[in-house]
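# Summary of structural features
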Amino acid sequence: MTDAADLRRRTAALLAAHPPATTARLDFLRARFDAGLAWVHFPEGLGGLGAPRSLQSVVDAELTAAGAPDNDPGRIGIGLGMAAPTILRFGTQEQRRRWLRPLWTGEEVWCQLFSEPGAGSDLAALATRAVRDEQGAAGPDGAGGDWIVDGQKVWTSSAHLARWAILIARTDPAAPKHRGISYFVCDMTDPGVEVRPLRQITGEAEFNEVFLTGVRIPDAHRLGEVGEGWKVAQTTLMNERVAIGGARIPREGGMIGVAAEDWRARPELRTHDLHQRLLTLWVEAEVARLAGERLRQQLSPAPGSGRTPGAPAGQPGPEGSGMKLAFARLAQEISGWEVEFLAEDGLAYDDWTMRRPDGVDFTGREAGYRYLRAKGNSIEGGTSEVLLNIVAERVLGLPPEPRTDKDVAWKDLPR
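So, a few notes on the structure that sits alongside this text. All values reported here derive from a predicted model rather than from experimental measurement.

Our focus in this paragraph is the pattern of salt bridges. Evaluation of the coordinates by the stated rule reveals 36 salt bridges. Notably, a salt bridge pairs arginine 355 with glutamate 204, separated by 3.3 Å at the nearest N-O pair. One end of the pair, arginine 355, is in the loop between α9 (319–342) and α10 (367–373); the other, glutamate 204, is in the loop between β6 (193–198) and β7 (207–218), with 151 residues separating them in the sequence. The network of salt bridges with shared partners includes Glu204, Asp350, Arg355, Arg365 and Glu366.

Attention now goes to the side chain of glutamate 209. Within the secondary structure, glutamate 209 is located in strand β7. It is arginine 196 that comes nearest to the buried, bridge-free glutamate 209 among opposite-charge side chains, at 4.5 Å. A polar side-chain atom of glutamate 209 sits 3.2 Å from a polar atom in the side chain of glutamine 152. Once residues lying within four places of it in the same chain are set aside, the contact partners of glutamate 209 are Gln152, Lys153, Val154, Glu194, Val195, Arg196 and Leu198.

Positive phi values are uncommon outside glycine, yet aspartate 72 reaches one of about 55 degrees. Position of aspartate 72 relative to the elements: it lies in the loop between α3 (56–65) and α4 (77–90). Positive phi values are uncommon outside glycine, yet serine 158 reaches one of about 65 degrees. Within the secondary structure, serine 158 sits in the loop between β3 (146–153) and β4 (164–170).

In this fold, glutamate 380 is placed in the loop between α10 and α11 (384–395). Dropping the residues within four chain positions of it, glutamate 380 is found in contact with Phe207, Ile244, Lys324 and Arg373. Only 2.7 Å separates the side chain of glutamate 380 from the side chain of asparagine 377, close enough to count as a polar contact.

Quick look at the packing of aromatic side chains now. Enumeration according to the criterion identifies 13 aromatic pairs in this entry. Taken together, a centroid distance of 5.7 Å and an interplanar angle of 65 degrees make the contact between tryptophan 99 and tryptophan 164 edge-to-face. In this pair, tryptophan 99 is assigned in helix α5 (residues 93–105) and tryptophan 164 in strand β4, connecting sequence segments 65 residues apart. Residue tryptophan 99 shares its accessibility class with tryptophan 164, and that shared class is buried. The interplanar angle of 85 degrees and the centroid separation of 6.0 Å between the aromatic rings of phenylalanine 114 and tyrosine 183 together place this pair among those described as edge-to-face. Placement of phenylalanine 114 in the loop between β1 (110–113) and β2 (129–132) and of tyrosine 183 in strand β5 (residues 181–187) is noted, with a sequence separation of 69 residues between them. Each member of the pair phenylalanine 114 and tyrosine 183 is classed as buried. Following the ring pairs from residue to residue traces out a cluster consisting of Phe33, Trp39, Phe42 and Trp104. Taking NZ or CZ as reference, arginine 196 lies 4.0 Å from the ring centre of phenylalanine 211, over its face. The ring of tyrosine 369 carries arginine 365 above its face, with NZ or CZ at 4.1 Å from the centroid.

Cut-off values and rules
Residues numbered from 1 in each chain as written. Predicted model: local features only at pLDDT ≥ 70, side-chain atom pairs only at ≥ 80, totals over all residues. Heavy atoms only, no water. Salt bridge = Lys/Arg side-chain N within 4 Å of Asp/Glu carboxyl O. Helix = DSSP H or I, 4+ residues; strand = E, 2+ residues; numbered from the N terminus. Buried < 20%, exposed > 50% of the residue type's maximum accessible area, 1.4 Å probe, protein only. Lys, Arg positive; Asp, Glu negative; His and termini not counted. Polar contact = N/O pair within 3.5 Å; in protein donor to acceptor, adjacent residues only side chain to side chain. Contact = heavy atoms within 4.5 Å. Phe/Tyr/Trp six-rings, centres within 6.5 Å; stacked < 30°, edge-to-face > 60°. Lys NZ or Arg CZ within 6 Å of the ring centre and 35° of its normal.

Here it is in structure tokens:
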């Protein structure tokens, strides 16, 4: 049984064999993965030890104290938070071994090809097609061969950096929209993949639109069964919302920490009203932080849970949608408070130059950037309106909205 003491011993052994001061960054990260200390709740051989997820903080604290390098999670967040748990749950052993290690070390960046110009909130209405290559060598059960993919995706974070993409595409237009989708891993270096920047209100282009023209994907890069891509995608989407809304931060961390520091540093700008609003936001941010910690604990398996070998320690449910809702609202309210508190200084903006950044930095930029960038929080990772429906129907058990297209073939839906 792996416990905190055992993890400390393993971490000390890693540090002794690979001193951070004299070991190349990538070599250290690879060694950490191979020692099972990358994500301790993953299975042995895949960067973990099959330990409770809650013990990851023990390893992280020891490595941080020793000055060990991290894997730049802000740059590879889609791989860590969305692709990895999906690959772990639905991938073959060969797929897991091929993709998880370079994903975690940051050698290969991932992006997410889900949303489309006509399928954002209604993602299951997607029109990107994947057609089996009739000239390919498929087996007697239809498995094997290649898929040819054509379509357009939009709002794709990090597509300009990515080596791989998780992709959902329609493989059976005669089936209802949720049942005719399959899930693939797409090679972003394929000549049929074109990435174009989308400039945002911040002036940057961390998002992209992606055009897929005759992209060839081997059937070996399919996750899950043909036609069951929506089921696989739910794992991705639920993990995405936890990754966005339930990230582990210390008390007074993140944006509320920046706002509190502004308050302490600028006493001449204080008013009673702003003080009361800041106190309310601080309490709400702390409640959200503790709720996120509770959610992560629920993802850890109970002793003797009997989960299947190789399965992840736990899977997030619809409760993650509530966390993401809280994160988006708080980010927008805190950044709005900060701009108002700083008055004319809050309107300053350092650089409007068109850039294609590696990630989003909510705390390392000025208040104006936070205010503008936070506007996207209620859209990305599921719009707040869609997430409210999920919470209402799947957490509170309220009656679902009528869905007249539920059993209608996708090809017969009006577009």
